[in-house]
Amino acid sequence: MLRPWASRAPWNLPETCNVRASPSSISASFLSDRIPMEARASEEGEEAASSPAPSSSSAEVNQWIEAQNLLRRRLIERDDFPWKLPGGGAAESGDASGGEVLKYVGGVDMSFAKDDGSLACATLVVLDLSTLQVVYEDFDVVRLEVPYVPGFLAFREAPVLLELLEKVKRSAKDICPQLIMVDGNGLLHPRGFGLACHLGVLADLPTIGIGKNLHHVDGLTLSGVKQLLEAKDNFSKDLLTLTGSSGRTWGVAMRSTWNTSKPIFVSIGHRISLQTAVKVVGMTCKYRVPEPV
DNA sequence: GCGACAG
DNA sequence: ATCTTGTCGC
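Residues numbered from 1 in each chain as written. Chains lettered and ligands numbered in written order. Predicted model: local features only at pLDDT ≥ 70, side-chain atom pairs only at ≥ 80, totals over all residues.

Engineer: Describe the overall build of chain A, listing the residues and the values that go with them.
Structural biologist: Across its full length, chain A carries 5 helices and 11 strands. Residue burial in chain A is summarised as follows: out of 293 residues, 34% are buried. Taking all contacts inside chain A whose residues are at least 6 apart in sequence as the whole, residues at least 24 apart take part in 66%. (Helix = DSSP H or I, 4+ residues; strand = E, 2+ residues; numbered from the N terminus. Buried ≥ 20, exposed ≤ 12 C-beta atoms within 10 Å, placed from the backbone. Contact = placed C-beta atoms within 7 Å.)

Okay, here's the thing in structure tokens:
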């Protein structure tokens, strides 16, 4: 079947405008991992039995930062997979007909109980890219001990999501996802290592990060993004490369639905290039948020 | 010091 | 993340 939304503009990265944050504050150490000042690991041993509340201590945050820095060394920011995109015909790296094609796209997300913030449901779905129909579905209801701390979402959600991924790998090899779309950012993160990167490295799978809100990084602001998005007339691109004040590209703001003022934020997770990530996201967008997530 | 801060 | 009311457009 031919999907009507498949006729939208080809999400090509090369021809996009850029969002540059105020060129004033150009910090040369944009990736130097400046640790929060609260990160003063010392007097923490006194409240051992007195604070059952799962608040994150500064010592914990320091450990998390180190873990992110360590895992980031295994991050692959280019296309690194055996398959190729479907439909592209001649445009894609012209190979013979023997190549593997991207067919199974996974998506992971979590939802929480309204009354109990620690009770959560983690879900993994796998869609057939050609039909956008769900061909696999699994979930797990768990109680989370780790709190949500901006910049450290992975330490809260990655563990259970990883379990779901390992499970599908060993129990349903026939529809094993070749790529995972994550509800959360990848490179678009204070230290360039969001949930999508974290999951991708640990699961050793290509991942794409999908943010529904902008995490302010390197001078990027929502108002700035919206402004430039509006500034483009209706039939110009609905894709903005997110370049911070440091000059680094963190991802793209994508207007996946017509005239929507609120874009989604796409960034690479692992083993994929931003250009390919954008193409795949475009192929799975029926509405604002791509179907897998 | 103040504001910002994915889910 | 979750909740809430209303509104605009096809």
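Engineer: Just give me the short version of the packing of helix 2 (residues 154–171) against helix 3 (residues 195–203), but keep the residues and values in it.
Structural biologist: Close contact between helix 2 and helix 3 brings their axes to 10 Å; oriented N to C, the two are set at 40 degrees. One finds that helix 2 runs oblique with respect to helix 3. In this structure, helix 2 crosses over helix 3, and the sense of that crossing is right-handed. The segment helix 2 lies against helix 3, with Ala 154, Glu 157, Ala 158, Leu 161, Leu 162 and Leu 165 engaging Leu 195, His 198, Leu 199, Leu 202 and Ala 203. Considered class by class, the residues forming the contact of helix 2 with helix 3 number 9 nonpolar, 1 polar and 1 charged. (Axes fitted to C-alpha atoms, helices over the stretch in contact; angles between N-to-C directions. Parallel < 35°, antiparallel > 145°, perpendicular 65-115°, else oblique. Left-handed = near helix turned anticlockwise from the far one by under 90°. Nonpolar A, V, L, I, M, F, W, Y, C, P; charged D, E, K, R; others polar.)

Engineer: Describe the protein's contact with DNA strand C, listing the residues and the values that go with them.
Structural biologist: Around DNA strand C sit Ser 111, Phe 112, Lys 114, Asp 183 and Lys 212, and those are all the residues in its vicinity. Residues belonging to the surface near DNA strand C are distributed by class as follows: 1 nonpolar, 1 polar and 3 charged. (Near = placed C-beta within 6 Å.)

Engineer: Quick rundown of the protein's contact with DNA strand B? Include the residues and the values.
Structural biologist: By nearness alone, 18 residues border DNA strand B, and Asn 185, Gly 194, Lys 212, Asn 213 and His 215 come closest of all. Classifying every residue of the surface near DNA strand B gives 7 nonpolar, 9 polar and 2 charged.

Engineer: I'd like a rundown of the pairing of strand 7 (residues 179–183), residues and numbers included.
Structural biologist: Among the 5 residues in strand 7, 5 count as buried, and that is most of the element. Of the two faces of strand 7, both are covered, the one formed by Leu 179, Met 181 and Asp 183 as well as the one formed by Ile 180 and Val 182. Inspection of the sheet shows strand 4 (residues 104–112) paired to strand 7 by 4 bridges, in the parallel sense. Each bridged residue has a counterpart across the sheet, and for Val 105 the counterpart in strand 7 is Leu 179. In the classification by handedness, the crossover that spans strand 7, the intervening helix 3 and the parallel strand 8 (residues 207–211) is right-handed. (Pairing = 2+ DSSP bridges. Right-handed = clockwise from strand over helix to strand, strands pointing away.)

Engineer: Just give me the short version of the nonpolar core, but keep the residues and values in it.
Structural biologist: Membership of the largest hydrophobic core comes to 59 residues, with the highest contact counts inside it found for Val 182, Ile 208, Val 252, Val 266 and Ala 277. The greatest single-element share of this core, amounting to 7 residues, is contributed by helix 2. Ignoring anything within four residues of it in the chain, the contact list for Val 182 reads Val 108, Leu 195, Ala 196, Leu 199, Thr 207, Ile 208, Gly 209, Ile 210 and Gly 269. (Core = buried A, V, L, I, M, F, W, Y, C linked by C-beta atoms within 7 Å.)

Engineer: So, the environment of Leu 220: which residues are in play, and what are the values?
Structural biologist: In this structure, Leu 220 sits in the loop between strand 8 and helix 4 (222–230). Judged by the 22 C-beta atoms lying within 10 Å of it, Leu 220 falls in the buried class. Leu 220 sits 24 residues away from Gly 244 along the chain, and the two C-alpha atoms are 5.8 Å apart.

Engineer: With reference to specific residues and values, describe the confidence of the model for chain A.
Structural biologist: Looking at chain A, pLDDT values average 82 and 75% of them are 70 or higher. In this model, residues 1–53 is a region of pLDDT below 50 whose contacts with residues beyond four sequence positions or in other chains number 68 contacts. (pLDDT = per-residue confidence, 0-100.)

Engineer: How would you sum up the environment of Gly 99? Please name residues and give values.
Structural biologist: Among the structural elements, Gly 99 can be located in the loop between strand 2 (83–84) and strand 3 (100–101). Here the alpha-carbon distance between Gly 99 and Phe 152, two residues 53 residues apart in the chain, equals 38 Å.

Engineer: Give me the pairing of strand 10 (residues 249–254): which residues, what numbers.
Structural biologist: Burial analysis of strand 10 places 5 of its 6 residues in the buried class, the great majority of the element. In this structure, strand 9 (residues 239–243) lies alongside strand 10, joined through 5 bridges in antiparallel fashion. Counterpart to Leu 240 in the pairing with strand 10 is Ala 253. The hairpin turn running from strand 9 into strand 10, its antiparallel successor, is 5 residues long, and Gly 247 in that turn takes a positive phi close to 100 degrees. Here 3 bridges tie strand 10 to strand 11 (residues 264–270), and the two strands are oriented antiparallel to one another.

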